[in-house]
Each structure stands twice: as C-alpha cells, then as structure tokens.
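Report on the structure
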Amino acid sequence: MKNILVIGATGQIGSELTMKLRHDLPGGVTVAGYIPGSEPKGKLLESGPAEKCNVCDAKQIAEIVDKYDIDTIYNLAALLSATAERLPLKAWDIQMNGLINVLEIAREKHCAVFTPSSIGSFGPDTPRDNTPQDTIQRPTSMYGVTKVATELLSDYYHIKYGVDTRSVRFPGLISYTTLPGGGTTDYAVEIYYAAVKGEEFVCPLAPGTYLDMMYMPDALKAAVNIMQARERYLVHRNSFNITSMSFDPEGIAAAIRKEIPDFRMRYEVDPVRQSIADSWPNRMDDVCARKEWGWTPSYNLETMTHDMIVNLRLKLGIK
Ligand code: AKB
C-alpha cells in the first residue's frame, strides 16, 4: 500500500481512515474521494489531496487512479441498512454498480481493493450465537443482499482475475468524530451524545437486542491490517468476521451509568430497525481473522465508554 484512494472519504469510516492512512503510511499519498455536497473540511482537507469521486462514475475513478498512480482502493461508498430499506434501488446502484466499477478498474490497473461487508450480510437462518465464519448467509434486507453480493463478487474477481480483494464484516461502529447515518446500529453512537448532553435517550431498539459492536480505532486497525496481511496466510478473503464486544441497549446504558449515574433511557421501538436487528447475529466468532492475520481488538464496552464520554465532552465543550 503506497498510493491509496479512499472512496467515501468524508463518511463515518472514511473521514477517520483517510487520516490514519496518511499518518501511518507516509511516503505515498492517500487521496480523499468525496461526492459534491460532502466536501472534506479542516484537517482532512489540509493534510492531503482530495478529488471528486462518485463510485458510480467509472471514468472519474480511473482518472484519479492514473493521476496518483493508485495501488490500493478503499471502497467505502454505501447506504446503511435502514436507509437502504427506504431507497433499495439507490442502494443497489451505489453498492453493486459502484463495486463493479471499482473492481473493473482494479483489474485493469492492478489495484488491491477493500470493500467492507457487515453483520448485515447474515440473516434470520444464520446461527445467532458465535456465528461461524463460513455459514448460511440469506439476509432479508437490501443492505444485506448487497453485502453478500459484494463478498461474492470480490471473491470472484480474485479467483478469476487475481485482483487482491480483501474485506471484513464490520459490526456496528462507534465513534465520536463523524456521525453514522441511516444504520440500524446508530443508536449506540447517539446514546453517548444524549448522555453527555444530560438528555433522556429514546432507544429505537428493544431491550434484549444483542448486536456485535466495535470502537472506531479497532475498526480502522482492522481495515489497515487486513490489507497489509501476508497473502500466503489468507485462507479467506471476502469477508472476515471481526468483533470486539456484544451488548443490548440495557448493557450500554448500564456502562454509561457507571460514568453518568443519572443517565435516563426509554424505549420507542422503530419497527424497521428492529426487524433488521432481529435478523442479525448476537455475536460473531472471529477466530479465522485472529488466526489468519492476527486480528485482536483493543477496546471493550467499559474502555470504549470512558473514551467516548471524555472525547465527546471535549468536542461538545461540556464539563
Ligand atoms: C448499519 O447499522 O447499517 C451498519 C452496519 C452494521 O453495517 N452500521
């Protein structure tokens, strides 16, 4: 990995991954690819090149790859699960037609490609606890359908054309930097904002809804490490289960109350998000990622909660 293009560089993962790649891998360039209306700002804009890059515009991507001699593409453009249920055709267009553009360019120009998958690639027939690496994947959401197809298509380009495609199945990602939008797991970010502001949190998922979750520094570490892993140790490619914690709304609320004892939460279940969450695993087994490329998370619910609260107080100017 020397010259890298991040497509979707101003999104929840992209805004932090672009900065990490620039910091951790000096000597090359990391280009922040964005769509008009979500231009990079501040440090993201000042610390390296930025280019308009719509994943659905193959010519635009190819020009950036040529201009910067790109060897690795992080393809992060996607609509998250709840939004994809509202806009299924748009989700298909971005996730599938966008992916084909990226894979074709990678094939022609010899780039490695990372396109994230998700816990959303599983469905109601998948074993819920200790969900194995290789198991039934029959998702019932459009987001899940595109994620399974992403995994299959990425493997296909590797098998058929030798494109170096790799991926992880991200859990719900929690960060204080850039808000997610339109996901089923967004509540686990929004709850911290409410807690720090002293507001009651209205939870859209029911008690007992366990989901895999991860703090953003661990997710970034995974995205970088998998692309640097020695190829000969990889039995799997698209895509690896990774997790670092699993909790339900009561569990995260209890962790917050250890730091903010008067935190209040009530439930107003959103049927769309609840039915998506009910079709996802409680907790994945990530033994293959641990064995094949040394995956280990650094944060658990307690350490993440402390870090989130400290950093959100700073960000929001709350004592
Ligand atoms: C979502 O909730 O849609 C995403 C995901 C788990 O992939 N955060």
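Above this text sits the structure in question.
Residues numbered from 1 in each chain as written. Predicted model: local features only at pLDDT ≥ 70, side-chain atom pairs only at ≥ 80, totals over all residues. Heavy atoms only, no water.

**Side note on the overall build of the protein**
Along its length, the protein carries 12 helices and 16 strands. When its C-alpha atoms are laid out on the principal axes, the protein stretches across 55 × 45 × 35 Å. Across the 319 residues of the protein, 54% fall into the buried class. Across the protein, the fraction of contacts at a sequence separation of at least 24, relative to all contacts at a separation of at least 6, is 80%. (Helix = DSSP H or I, 4+ residues; strand = E, 2+ residues; numbered from the N terminus. Buried < 20%, exposed > 50% of the residue type's maximum accessible area, 1.4 Å probe, protein only. Contact = heavy atoms within 4.5 Å.)

**Here we look at the pairing of strand β2 (residues 30-34)**
Taking burial as the measure, the 5 residues of β2 include 5 buried ones, the bulk of the element. Along β2, one buried face is formed by T30, A32 and Y34 and the opposite face, lined by V31 and G33, is buried too. Running through helix α1 (residues 14-24), the crossover from strand β1 (residues 4-7) to the neighbouring parallel element β2 is right-handed. (Right-handed = clockwise from strand over helix to strand, strands pointing away.)

**A word on the environment of V272**
Mapping V272 onto the fold places it in helix α10 (residues 271-278). Between the C-alpha atoms of V272 and R169, which are 103 residues apart in sequence, the distance is 21 Å.

**Describing empty space enclosed by the protein**
One pass over the structure, following the stated rule, counts 1 cavity of 30 Å³ or more. Put simply, the largest cavity is a space of about 50 Å³. Lining the largest cavity, in full, are N75, L76, A77, A78, I94, Q95, T115, P116, K147 and T150. Contributions of two or more residues to the lining of the largest cavity are made by α5 (88-109) and α6 (142-161). Considering only residue class, the lining of the largest cavity consists of 5 nonpolar, 4 polar and 1 charged. (1 Å grid on protein atoms, 1.4 Å probe; cavity = no way out; pocket = protein on both sides within 12 Å on 5 of 7 lines; lining within 4 Å. Points joined across faces, edges and corners; volume = space filled by probe spheres on them. Nonpolar A, V, L, I, M, F, W, Y, C, P; charged D, E, K, R; others polar.)

**Some points on the layout of surface pockets**
Approximately 1,000 Å³ is the volume found for the largest pocket. Around the largest pocket, the lining is made up of 43 residues, and of these L76, A77, A78, L79 and L80 lie nearest the centre. Elements supplying a minimum of two residues to the lining of the largest pocket: β2, α4 (81-86), α5, β6 (117-118), α6 and β10 (172-174). A total of 3 residues in the lining of the largest pocket trace back to one element, the largest contributor, which is α5. Across the lining of the largest pocket, the residue classes tally to 22 nonpolar, 17 polar and 4 charged. S15, E16, M19, K20, K43, L44, T177, T178 and L220 are the residues that line the second largest pocket.

**Some remarks on the pattern of salt bridges**
Tallying each qualifying case throughout the model produces 15 salt bridges. With a closest N to O distance of 2.8 Å, E268 and R266 form a salt bridge. Accessibility expressed as a relative area gives 36% for R266, which makes it partly exposed. (Salt bridge = Lys/Arg side-chain N within 4 Å of Asp/Glu carboxyl O.)

**Thoughts on helix α7 (residues 187-197)**
Summarising burial for α7: 9 of the 11 residues are buried, a large majority. Of the residues making up α7, those classed as buried are Y187, A188, V189, I191, Y192, Y193, A194, A195 and V196.

**Observations concerning the nonpolar core**
One finds I174, Y192 and F247 to be the most contacted residues of the largest nonpolar core, which totals 65 residues. Looking at this core, the element that brings in the most residues is α7, giving 9 residues. Discounting residues that sit within four places of it in the chain, F247 has contacts with I174, Y187, A188, T209, Y210, L211, M213, I252, L301 and M304. Within the second largest apolar cluster, 32 residues are counted, among which are V168, A223, I226 and I242. (Core = buried A, V, L, I, M, F, W, Y, C linked by side-chain atoms within 4.5 Å.)

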